[in-house]
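Read off the chains here:
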Amino acid sequence: MVAIADKAAKPGSRLQFILDSPAVLGTIFVSPAVLYVLVLVGAPFLLAMYYSVSAYTIYSQSYRFVGLRNFIDVVQDPVFRQTLLNTFIFTFGSQIVGLILGKFGALLLLRPFPGRKVVRALIMLPWAVPVALATVAWEWMFDSLYSVINWTLIALGIITRSDAPNWLGNPHLAMLCVIMVNAWRFFPFAIVIFLAGITSVPQDVIDAATVDGAGFWRRNYQIIVPMIAPIVVVGLIFGIVFTFTDLSIVYLLTNGGPVGATSVLGFEGFQVGIVSGDVAHGAAISLFMLPVLFVLVLVMLRSIRRQEI
Amino acid sequence: MSAVLTKDIVKTFADVNAVDGISLAVPDGEFMVLLGPSGCGKTTFLRIICGLERQTTGDILIGGTVVNDIPPRARGVAMMFQSYGLYPHYKIRDNIAFPLRTQRVARAEIENKVEWASNLLGIGHLLDRRPRQLSGGERQRVALARALVREPTVLLLDEPLSNLDAKLRASARNEIKQFQQRVGTTTIYVTHDQVEAMGMGDRIAVIDHGRVRQVGTPTAIYDDPADRFVATFVGTPPMNLVAWNGGHLGFRPENFLPRELIDDSAVTEFSFRVDRSEYLGSERIVYGVLEGLESVQEITAKLPPAHVDQESIRPGEWHAFAVRNSALCYFDKDGKRAIRH
Ligand SMILES: Nc1ncnc2c1ncn2[C@@H]1O[C@H](COP(=O)(O)OP(=O)(O)OP(=O)(O)O)[C@@H](O)[C@H]1O
Ligand SMILES: [Mg+2]
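Residues numbered from 1 in each chain as written. Chains lettered and ligands numbered in written order. Predicted model: local features only at pLDDT ≥ 70, side-chain atom pairs only at ≥ 80, totals over all residues. Heavy atoms only, no water.

Visitor: Just to check I follow, could you spell out the side chain of K302 of chain B for this structure?
Guide: Residues and elements named next belong to chain B. Considering the arrangement of structural elements, one finds K302 in strand β16 (residues 299–303). A polar side-chain atom of K302 sits 3.1 Å from the main-chain carbonyl oxygen of T236. Setting aside its immediate chain neighbours within four residues, K302 contacts T236, P237, P253, E254, L257, E283, R284 and I285. (Helix = DSSP H or I, 4+ residues; strand = E, 2+ residues; numbered from the N terminus. Polar contact = N/O pair within 3.5 Å; in protein donor to acceptor, adjacent residues only side chain to side chain. Contact = heavy atoms within 4.5 Å.)

Visitor: Looking at this model, I keep getting lost on the sheet that holds strand β15 (residues 284–290) of chain B. Mind explaining?
Guide: Sheets are built from strands paired through backbone hydrogen bonds, the pairs being either parallel or antiparallel. Residues and elements named next belong to chain B. As summarised here, the arrangement of the five strands in space is β13-β17-β14-β15-β16, forming an open sheet in which the pairing is antiparallel. In this open sheet, the two edge strands, each paired with only one partner strand, are β13 (257–258) and β16. When β13 meets strand β17 (residues 318–324), the two strands line up antiparallel, connected through two bridges. Of the residues in β17, the one forming a bridge with L257 is A322. (Pairing = 2+ DSSP bridges.)

Visitor: Can you walk me through the interface of chain A and chain B in this structure?
Guide: If you look at the interface, chain A gives 18 residues, while chain B gives 28 residues. Here chain A meets chain B over a buried area of about 1800 Å², counting both sides, of which 57% is carbon and sulfur. Our count for the contact surface shared by chain A and chain B stands at two salt bridges. Taking the shortest distance from any N to any O, the salt bridge between D212 of chain A and R146 of chain B comes out at 3.4 Å. Where chain A packs against chain B, one counts 10 residue pairs in polar contact (both at pLDDT 80 or more). Listing elements by their share of the side of chain A that touches chain B, those giving two or more residues are α11 (203–211) and α12 (216–244) of chain A. Among the elements that line the side of chain A that touches chain B, the one with the most residues is α11 of chain A, at seven residues. (Buried area = accessible area lost by both parts, 1.4 Å probe. Salt bridge = Lys/Arg side-chain N within 4 Å of Asp/Glu carboxyl O.)

Visitor: Looking at this structure, how should I read the nonpolar core?
Guide: One broad rule of soluble globular proteins: the nonpolar side chains tend to lie buried together. One finds I223 of chain A together with L24, L34, F45, Y87, L156 and I188 of chain B to be the most contacted residues of the largest nonpolar core, which totals 53 residues. Setting aside chain neighbours within four positions, we find I223 of chain A in contact with V205, A209 and R218 of chain A together with Y87, H89, Y90 and F98 of chain B. Judged by nonpolar contacts, the second largest core, of 43 residues, contains L35, I92, L134 and F229 of chain B. (Core = buried A, V, L, I, M, F, W, Y, C linked by side-chain atoms within 4.5 Å. Buried < 20%, exposed > 50% of the residue type's maximum accessible area, 1.4 Å probe, protein only.)

Visitor: How should empty space enclosed by the protein be read in this particular structure?
Guide: Left-over empty space is what a probe sized like a water molecule reveals as it rolls over the atoms. All names here are of chain A. Applying the stated rule across the entire model yields one cavity of 30 Å³ or more. Reported here for the largest cavity is a volume of approximately 100 Å³. Along the walls of the largest cavity sit Q95, G98, L99, F186, F189, A190, I193, F194, V232, G235, L236 and G239, which together make up its complete lining. Those elements giving two or more residues to the lining of the largest cavity turn out to be α5 (78–110), α10 (171–200) and α12. A breakdown of the residues in the lining of the largest cavity according to their chemical character gives eight nonpolar, four polar and no charged. (1 Å grid on protein atoms, 1.4 Å probe; cavity = no way out; pocket = protein on both sides within 12 Å on 5 of 7 lines; lining within 4 Å. Points joined across faces, edges and corners; volume = space filled by probe spheres on them. Nonpolar A, V, L, I, M, F, W, Y, C, P; charged D, E, K, R; others polar.)

Visitor: Would you mind showing me how to read the confidence of the model for chain B here?
Guide: Low-confidence regions, as indicated by low pLDDT, have predicted coordinates that should not be scrutinised in detail. In the predicted model, chain B carries a mean pLDDT of 89, and 99% of its residues have values of at least 70. Confidence metrics for the complex model read pTM 0.77 and ipTM 0.82. (pLDDT = per-residue confidence, 0-100.)

Visitor: Even after reading the chapter, I still don't get the pairing of strand β9 (residues 203–208) of chain B, so can you show me in this structure?
Guide: As a general feature of sheets, a regular strand has side chains that alternate between the two faces. All names here are of chain B. Burial of β9 is extensive: five of the six residues sit out of reach of the surface. Relative to β9, strand β3 (residues 31–35) runs parallel, the two being bridged by four bridges. Its bridge partner lying in β9, L34 is registered against A205. Here β9 pairs with strand β10 (residues 211–216) via five bridges, running antiparallel. Its bridge partner lying in β10, I207 is registered against V212.

Visitor: Just to check I follow, could you spell out the packing of α12 of chain A against helix α2 (residues 92–102) of chain B for this structure?
Guide: In helix packing, the relevant descriptors are the interaxial angle and the interaxial distance, both defined with respect to the helix axes. One way to put it is that α12 of chain A packs onto α2 of chain B with a least axis distance of 13 Å and a crossing angle of 155 degrees. As judged from the angle between their axes, α12 of chain A and α2 of chain B are roughly antiparallel. Classified by chirality, the crossing of α2 of chain B by α12 of chain A is right-handed. Note on element contacts: α2 of chain B touches α12 of chain A through F98, R101 and T102 of chain B, opposite R218, Q222 and I223 of chain A. (Axes fitted to C-alpha atoms, helices over the stretch in contact; angles between N-to-C directions. Parallel < 35°, antiparallel > 145°, perpendicular 65-115°, else oblique. Left-handed = near helix turned anticlockwise from the far one by under 90°.)

Visitor: Just checking my understanding: could you explain the pattern of salt bridges for this structure?
Guide: Any two side chains of opposite charge can pair, so long as their charged atoms come close to each other. All names here are of chain B. Enumeration over the complete set of coordinates arrives at 23 salt bridges over all chains. As a salt-bridge pair, R203 and E30 come within 2.7 Å of each other at their nearest N and O atoms. Here E30 lies in the loop between β2 (16–26) and β3 and R203 lies in strand β9, a separation of 173 residues in the sequence. For R276, the salt bridge goes to E278, with nearest N and O atoms at 3.8 Å. Classification of R276 as partly exposed rests on a relative accessible area of 37%.

Visitor: Which parts of the structure should I look at to understand the pairing of strand β14 (residues 267–279) of chain B?
Guide: Residues and elements named next belong to chain B. Note: β14 against β17, seven bridges, orientation antiparallel. Its bridge partner lying in β17, V267 is registered against R324. Remark: four residues form the turn of the hairpin made by β14 and β15, two consecutive strands paired antiparallel; G281 in that turn has positive phi of roughly 90 degrees.

Visitor: What is the right way to read the site of ligand 1 from this model?
Guide: Residues and elements named next belong to chain B. For ligand 1, the full set of nearby residues is F13, A18, S38, G39, C40, G41, K42, T43, T44, E159 and H192. In this structure, C40 approaches ligand 1 through a main-chain N or O atom, which is 3.2 Å from an oxygen atom. Interatomic distance of 2.5 Å between a side-chain N/O atom of T43 and an oxygen atom of ligand 1. Expressed as a share of its isolated accessible area of 630 Å², the protein-covered part of ligand 1 is 58%. A per-element tally of the shell around ligand 1 places helix α1 (residues 42–50) first, with three residues. (Near = heavy atom within 4 Å. Areas by Shrake-Rupley, 256 points an atom, 1.4 Å probe, with all protein chains shown as cover.)

Visitor: Mind showing me how you'd approach the sheet that holds strand β8 (residues 186–191) of chain B here?
Guide: Residues and elements named next belong to chain B. An order of β6-β7-β8-β3-β9-β10 is seen for the six strands of this open sheet, with the pairing classed as mixed. Strands with a single pairing partner mark the edges of an open sheet, and in this sheet they are β6 (77–80) and β10. For this sheet, the mean angle separating the axes of adjacent strands, direction not counted, is 20 degrees. As judged from the four bridges shared by β6 and strand β7 (residues 154–158), these two strands associate in the parallel manner. Bridging from a neighbouring strand, V77 pairs with V154 of β7.

Visitor: Explanation requested: the packing of aromatic side chains in the structure shown.
Guide: The geometry of an aromatic ring pair is captured by the separation of the ring centres together with the interplanar angle, meaning the angle of the planes. If you walk through the whole model with that rule in mind, you get 26 aromatic pairs over all chains. Summarising the aromatic geometry, the rings of W138 of chain A and F142 of chain A are spaced 5.5 Å apart at their centres and angled 25 degrees between planes, so their arrangement reads as stacked. Taken together, the positions of W138 of chain A and F142 of chain A, both in helix α8 (residues 131–142) and four residues apart, correspond to about one turn of that helix. Like W138 of chain A, the residue F142 of chain A is buried in the burial classification. Among the aromatic residues, those joined into a ring-pair cluster are F251, F256, F270, F272 and F321 of chain B. Note that R146 of chain B overlies the ring of Y87 of chain B, its terminal NZ or CZ placed 4.6 Å from the centroid. Looking at R252 of chain B, its charged tip hangs above the ring of Y222 of chain B, at a distance of 4.0 Å from the centre. (Phe/Tyr/Trp six-rings, centres within 6.5 Å; stacked < 30°, edge-to-face > 60°. Lys NZ or Arg CZ within 6 Å of the ring centre and 35° of its normal.)

Below is the structure:
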């Protein structure tokens, strides 16, 4: 006791106690992250906000304030409305496919089989492979001349060479392609989420359901899925936010085509704002993501909170 | 309601036999308790009966039908799990209704049965809560209601009281027993608590290392143990065992009394040195050693305090103790009970 009191009284060791305070230490630890967000996310975001209400283009760099003019232009443009619709189809299509693949992938990976560890590691690959590489590979598979998929279908006698689908040339098929590639990229993430969720369901609860007479489907959709819903929704929010704002797959696979059939918000904003140089309209297009995502995330978070009561 | 019959059930996990040949006949309406130490295969055996686990070899008959290949949901068996396994996302009402929903029972009938089961167990006021909003004792009753609501042919209970505190356990024990007598469902109740087993079972099956050591009424198990394991597993303090003619001689602490308290001549006398004693209110437990005899553990005597006061049994002194010959059990060198000694 005495020794401790002596130490505390010693001048010069005050610094030690300052670092003991959660307020000080916490601030120090958090500041790099805050700085990062402010400089690399906050500043460009504010800049984009300003661009969207200005008349700025690369060719006439005027910061003249034009109010909501740009937004009105954008909304009145049928191409933009098509793009917005595409974005929703792309996002929800790939999330639904990803969720289904993830759910069944997780169920398969839960049961023991020889080589399970290897498969578990390999299945993470789509997620780990750089987007550009993976998409180029997919582009080959969908290529109008060299398509491996078509080759296989022809070899199996399902289709003939003359009616082989032009995957990236047909608007509907092109949308299907970008959805499938995105789902393929996301499903390992969905598997991880589902695995984490399913393993957290107590075995007793599942066994109780089995003895109570529930078969495979009832056990899954009345017991396991509702119990892991909060975890899955959080994963889904991540998926939706990333997909909604993504442009890489569309850019690499179809370049928005054919005729804008696969153009999404991020891609359109990039095309108008950077490629064409109309920064003001590009910013306005991109900012449409914000309210949409905000509402979506709010609704989903509310739904899990209601679940927990 | 149905009789359960198991024939030579063996369950092998990797290289261990969790269940090593259990043959058990539980007649219709009986309350059978499976008693055994932790890890002896009780849970595994129950899981085999309800079909969650497939036996390696052996047959199970429920109501006279072999059910080896029948899935759990078609066996008509209800099981109550050690941690209850309530569905956390459902209200209590829906928890109880779940087994009926899976059987596609009509909605009106579900309502009636849920009401019947919840009233039976006194949880009618909890129906709109969720499992996490209940106490341990309430959860246990919900789990029981859920198990009973579809009037199962057989009720399996896996240590249902182990999560409750001592006081609640005593009253819950009572409740389950009375309840079973009222509905008369064939019940198999697993526990490692011998007090529960003795108090509740019509019959007890004592299990060790996946084998049945003895099946019998609580009285038979206690007074007539079939082997050394049963003798020492049942009873607190356990039966005293001393080396005797290459085997062991056993006697219960409450039968080991000062010579003068036994008013009988067919007795075996021992010289007992008391080391210490504990006063427990209704009884006094005395620990010590026997002269010239090797014992398995410390010898204990359970004395009625009304007859034996502190003064007459002094630590460090030798006393003349005795056991009625009728209360002696002799076990041969393999631990099996022998008739003569
Ligand atoms: N799935 C399994 N895989 C491998 N071994 C198992 C498995 N389940 C149980 N065992 C083993 O089988 C033996 C019996 O287990 P069981 O759960 O039936 O014991 P128990 O009598 O219920 O014990 P307790 O009273 O502690 O619940 C144990 O040695 C256990 O380690
Ligand atoms: Mg157990």
